[in-house]
Amino acid sequence: MKRIRELLQSDPTDQPLIVEGWIRTKRDSKHFCFFEINDGSSLKSLQVIIDKTSEEINQTIQRISTGASVSFSGILAESPGKNQRVEMKADKVELIGEAPPESYPLQKKRHSFEFLRDIAHLRPRTNTLGAVTRVRSALSHGVHSFFQERGFLYIHTPIITASDCEGAGEMFQVTTLPLGDVPKQKKGDVDYTQDFFGKPAGLTVSGQLEGEIYALAMKHIYTFGPTFRAENSNTSRHLAEFWMIEPEMAFCTLDGNMALAEEFLKYLFRYVLEHCGDDMEFFNQWIHKGLIDSLQGVVESTFTHLTYTDAVRELKGANREFDYPVSWGVDLQSEHEKYLTEEVCKGPVIVTDYPREIKAFYMKLNDDEKTVRAMDVLVPRLGEIIGGSEREDRYDLLLRRLKDQGLNPDDYWWYLDLRRYGSVPHSGFGLGFERAIQYITGMQNIRDVIPFPRTVRNAEF
Ligand code: ATP
Ligand code: MN
């Protein structure tokens, strides 16, 4: 059976066809009834017109309303309407599942995204969430194509891990210890030897450390999987569960890393513009005016490179009051990031060489001993979309950095080992998949670009 997407592109035909889907709208008149039916394959619905030739058809039609699942049989005729080439002239209709209008929450009007989040089990049936769903799926494919075309190997890094990559205390703990009666050691500390893994474990905040293991054997790898952060911040760009893409390249310094990040983002934007034309037109018209032009602009642009030190200088010289004052050494807030990309660079910018104190232990120390080879890619409207670095590949320095940050080197014995055996300059970055979708679709809130958002106090569905 053909999907509606295909039917809409077909020529009229007398061959009998069947179409099944959910009713979006119904328009009843004396002798006919018009329906718009959608099956998720495209933004556009198929118009179906049925003659009320029999009492049986008439009775079925009475019970069909928005949201009902229906199967029609008929032929594909040229449509007199100007919105579509073809429409179905149906001679048979079967109501499969009713959707009583008194209670069906999705009526033919614009609902707020907040409201739709409360009915996440029905929201994929709306135009916007349907379009997001198709873009998300296409983009996943685009991610794999990009790396597979370039010989990167897809590595599945673990979801449960005992190493906290970011060391930022954002890890969800995984335990089978009884919470009400936790076994204790003599000093009162939790006795993790009795826990499932015999030591503290959590949900991964990044696949990077394990990704590095594979990069130092397979040269070019990437991961693409779920990532968890107990982010207590209630923002429009943070989730507790999100998907991250993390390439890692051996024999590669920060320059190669920046080049890959730029090439990757441009590839993804082009990919979606090419593969999701209708959906992108929709976002351009209804969600963010000028979206397509802005993406096209990025594809044709060259990303600006700026050191953190220069960025701070720009921010200090800015003719603007920031909520968070800027001085050398502070982490950049979203407002600063947006100013840099929107006002200073007027396009994507890669900020590099951040103070070591505000970045993770694994980033390579610069000769100035003050900054590390970090890079954040910032884009207009969103701020940070990618975070990455060249990794510290020198054993002694890595050991020092671990200790400086109060981490126990024994926990990182295998990570240190990689610097003892065949160490090599290597680099990588993480792209938040939802941030990419947000940027591409123009959707304001990250909760609306993932099917089932997990945030503070919210794990419904
Ligand atoms: P931010 O400062 O925005 O919290 P971060 O510095 O914590 O980001 P990284 O640790 O560098 O982020 O993670 C790499 C990428 O993963 C980020 O650039 C972003 O795209 C994405 N990301 C990070 N945290 C989240 C989150 N809580 N929800 C969704 N995406 C995230
Ligand atoms: Mn964060």
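A brief look at the structure comes next. Bear in mind the structure is a predicted one, so any value in this text is a computation, not a measurement.

1. Notes on the sheet that holds strand E16 (residues 426-432)
The strand order across the open sheet built from eight strands is E6-E10-E11-E16-E15-E14-E13-E12, with neighbouring strands paired in mixed fashion. Strands with a single pairing partner mark the edges of an open sheet, and in this sheet they are strand E6 (153-154) and strand E12 (304-307). The pairing of strand E15 (residues 383-390) with E16 spans five bridges and is classified as antiparallel. Across the sheet, the residue bridging to Glu390 is Ser427, located in E16. Running over the sheet, helix H4 (residues 127-149) touches E6, strand E10 (220-228) and strand E11 (241-250) and is turned about 150° from E10. Each of E6, E10, E11 and E16 touches helix H5 (residues 208-218); the most contacted strand, E11, lies at about 30° to it.

2. Topic: the environment of Ile96
Structurally, Ile96 can be placed in strand E5 (residues 86-97). Through-space distance from the C-alpha of Ile96 to that of Val70 is 5.3 Å; in sequence the pair is 26 residues apart. What Ile96 contacts, discounting residues up to four positions off in sequence, is Ser69, Val70 and Ser71.

3. Some words on the site of ligand 1
The environment of ligand 1 is formed by 16 residues, the closest being Arg229, His238, Leu239, Glu384 and Ile385. Within the contact set of ligand 1, an oxygen atom lies 2.8 Å away from a side-chain nitrogen or oxygen of Arg229. Between Glu384 and ligand 1, the recorded distance is 2.7 Å, taken from a side-chain N or O atom to an oxygen atom. Protein chains bury 85% of the 580 Å² of accessible surface belonging to ligand 1 in isolation. When contributions to the shell around ligand 1 are tallied by element, the ones reaching two or more residues are E11, E15 and E16. Taken together, the residues of the shell around ligand 1 sort by class into six nonpolar, four polar and six charged.

4. Here we look at the nonpolar core
If you look at the biggest cluster of nonpolar residues, it comprises 59 residues, and the most contacted ones within it are Met280 and Phe283. The leading source of residues in this core is helix H6 (residues 254-275), at 12 residues. If we ignore the near neighbours within four places in the chain, the residues touching Phe283 are Thr128, Ala131, Val132, Val135, His288, Leu291, Thr441 and Met443. Core analysis: the second largest hydrophobic core is formed by 31 residues, Leu306, Leu315, Ala374 and Leu398 among them.

5. Considering the packing of aromatic side chains
When we look at a pair of aromatic rings, we describe it by the centre distance and by the angle of the planes. Summed over the entire model, instances satisfying the criterion amount to 22 aromatic pairs. Look at Phe147 and Phe152: their rings are 5.1 Å apart centre to centre, the planes differ by 55°, and that puts the pair in the tilted class. Just as Phe147 is buried, Phe152 falls in that class too. Summarising the aromatic geometry, the rings of Phe196 and Phe197 are spaced 4.8 Å apart at their centres and angled 75° between planes, so their arrangement reads as edge-to-face. Among the aromatic residues, those joined into a ring-pair cluster are Phe146, Phe147, Phe152, Tyr154, Tyr222, Phe264, Tyr267, Tyr271 and Phe429. One Lys or Arg, Arg419, reaches over the ring of Tyr415 and ends 4.0 Å from the middle of that ring.

6. Details of the pattern of salt bridges
Applying the stated criterion to the full structure yields 26 salt bridges. A salt bridge links Asp393 to Lys364; its shortest N-O distance comes to 2.9 Å. Of this pair, Asp393 sits in the loop between E15 and helix H11 (395-404) while Lys364 sits in the loop between strand E13 (349-355) and strand E14 (371-379), and the two are 29 residues apart along the sequence. A relative accessible area of 11% places Asp393 in the buried class. Since its relative accessible area comes to 15%, Lys364 is described here as buried.

So, how was this worked out
- Residues numbered from 1 in each chain as written.
- Chains lettered and ligands numbered in written order.
- Predicted model: local features only at pLDDT ≥ 70, side-chain atom pairs only at ≥ 80, totals over all residues.
- Heavy atoms only, no water.
- Pairing = 2+ DSSP bridges.
- Helix = DSSP H or I, 4+ residues; strand = E, 2+ residues; numbered from the N terminus.
- Contact = heavy atoms within 4.5 Å.
- Axes fitted to C-alpha atoms, helices over the stretch in contact; angles between N-to-C directions.
- Near = heavy atom within 4 Å.
- Polar contact = N/O pair within 3.5 Å; in protein donor to acceptor, adjacent residues only side chain to side chain.
- Areas by Shrake-Rupley, 256 points an atom, 1.4 Å probe, with all protein chains shown as cover.
- Nonpolar A, V, L, I, M, F, W, Y, C, P; charged D, E, K, R; others polar.
- Core = buried A, V, L, I, M, F, W, Y, C linked by side-chain atoms within 4.5 Å.
- Buried < 20%, exposed > 50% of the residue type's maximum accessible area, 1.4 Å probe, protein only.
- Phe/Tyr/Trp six-rings, centres within 6.5 Å; stacked < 30°, edge-to-face > 60°.
- Lys NZ or Arg CZ within 6 Å of the ring centre and 35° of its normal.
- Salt bridge = Lys/Arg side-chain N within 4 Å of Asp/Glu carboxyl O.

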